[in-house]
Amino acid sequence: MVHAIESYTGKNKKNKISDAFAKEALNLLGTNIEKAVFNGSDVKVRSNMLLGTTLAGISFANSPVAAVHALAYPIGGHFNVPHGLSNSLVLPHVMRFNLPIASKYYAELAMVTFPNIDFKGSDEDIALKYIEEIERLIKKLNLPTKLRVVGVSESDLEMMAEDAMNQERLLNNNPKKLKKEDAYNIYKTAF
Ligand SMILES: [Zn+2]
């Protein structure tokens, strides 16, 4: 899901093809993930997840990922946290950071990711609700939501922020410019 969200909001290479793949991916992933997690023997649902992740992969091969991944790498690299989890730990916080620039895109994705929710209001309202729904999903799936739970200490945050800044290719593609203090603040919120 992160692959599709970041592809769709990418600053440099977002295009109609990456957009189409991202939307289809998020529709499949958003409508199947809970069923797949809570009933692993449903082959149709798991097929939809595989198709969704593949389409998201095609999307981000055309329009790369950005700051969520840049901030996830130090979590995965230093603390041996799986890739998806390291991304989900920072995803809602990076989305809130990007909100002033990316609300239109998040609002567009909200409708396809959670088609059963009646999103109402301005792009900003819908984008905010989208982030809240993603947080709800993360909790529902029983994923850790705090860096402290996966072995990170508060004294690590400075080093992690410095490390994240090395991901220039990804940071340059983020919709909103992200500086080291922003990375630190995001980690602090996620801590
Ligand atoms: Zn990834």
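Above this text is the structure in question.
Residues numbered from 1 in each chain as written. Predicted model: local features only at pLDDT ≥ 70, side-chain atom pairs only at ≥ 80, totals over all residues.

Caption draft 1: Inspection of the overall build of the protein at higher detail. Summing up its helical and strand segments, the protein has 9 helices and 0 strands in all. Along the chain direction, N to C, the helices and strands of the protein fall in the order α-α-α-α-α-α-α-α-α. Here the protein has a C-alpha radius of gyration of 16 Å; the compact-globule value for 191 residues is 16 Å, and the two agree. Each principal axis of the C-alpha atoms in the protein carries an extent, and together these give about 45 × 35 × 30 Å. Going through the 191 residues of the protein one by one, you find that 45% of them count as buried. (Helix = DSSP H or I, 4+ residues; strand = E, 2+ residues; numbered from the N terminus. Rg over C-alpha atoms; globule rule 2.2 N^0.38 Å. Buried ≥ 20, exposed ≤ 12 C-beta atoms within 10 Å, placed from the backbone.)

Caption draft 2: Quick peek at the nonpolar core. Among the nonpolar cores identified, the biggest contains 54 residues, and Val68 and Leu71 are the most heavily contacted of them. No other element matches the 12 residues that helix H5 (residues 83-113) contributes to this core. Sequence-distant contacts of Val68, that is, excluding residues within four places in its chain, are made with Val2, Glu6, Asn87, Val90, Leu91 and Val94. (Core = buried A, V, L, I, M, F, W, Y, C linked by C-beta atoms within 7 Å. Contact = placed C-beta atoms within 7 Å.)

Caption draft 3: Here's a closer look at helix H9 (residues 180-190). Within the span of H9, buried status applies to Asp182, Ala183, Ile186, Tyr187 and Ala190. An end-on view of H9 places all buried positions within 135° of arc, on one side of the element. Opposite the buried face of H9, by more than 90 degrees, sit the exposed residues Lys180 and Glu181. In the core, the buried residues of H9 are packed alongside helix H4 (67-79), H5 and helix H7 (157-164). (Arc of directions from axis to C-beta.)

Caption draft 4: Structural context of the packing of H7 against H9. Running from amino to carboxyl end, H7 crosses H9 at an angle of 130°, the nearest separation of the two axes being 9 Å. What the angle tells us is that H7 and H9 run oblique. Crossing of H7 against H9: the hand is right-handed. On the side of H7, the interface is formed by Leu157, Glu158, Met160, Ala161, Glu162 and Ala164, while H9 contributes Lys180, Ala183, Tyr184, Tyr187 and Lys188. Looking at the contact of H7 with H9, its residues break down into 7 nonpolar, no polar and 4 charged. (Axes fitted to C-alpha atoms, helices over the stretch in contact; angles between N-to-C directions. Parallel < 35°, antiparallel > 145°, perpendicular 65-115°, else oblique. Left-handed = near helix turned anticlockwise from the far one by under 90°. Nonpolar A, V, L, I, M, F, W, Y, C, P; charged D, E, K, R; others polar.)

Caption draft 5: Highlighting unusual backbone geometry. Notably, Asn80 is not glycine yet its phi reads approximately 55°, a positive angle. If you trace the backbone, Asn80 turns up in the loop between H4 and H5. Although it is not a glycine, Asn142 adopts a positive phi angle of roughly 60°. Secondary-structure assignment places Asn142 in the loop between helix H6 (123-140) and H7. You can call Asn142 exposed: it has 9 C-beta atoms within 10 Å.

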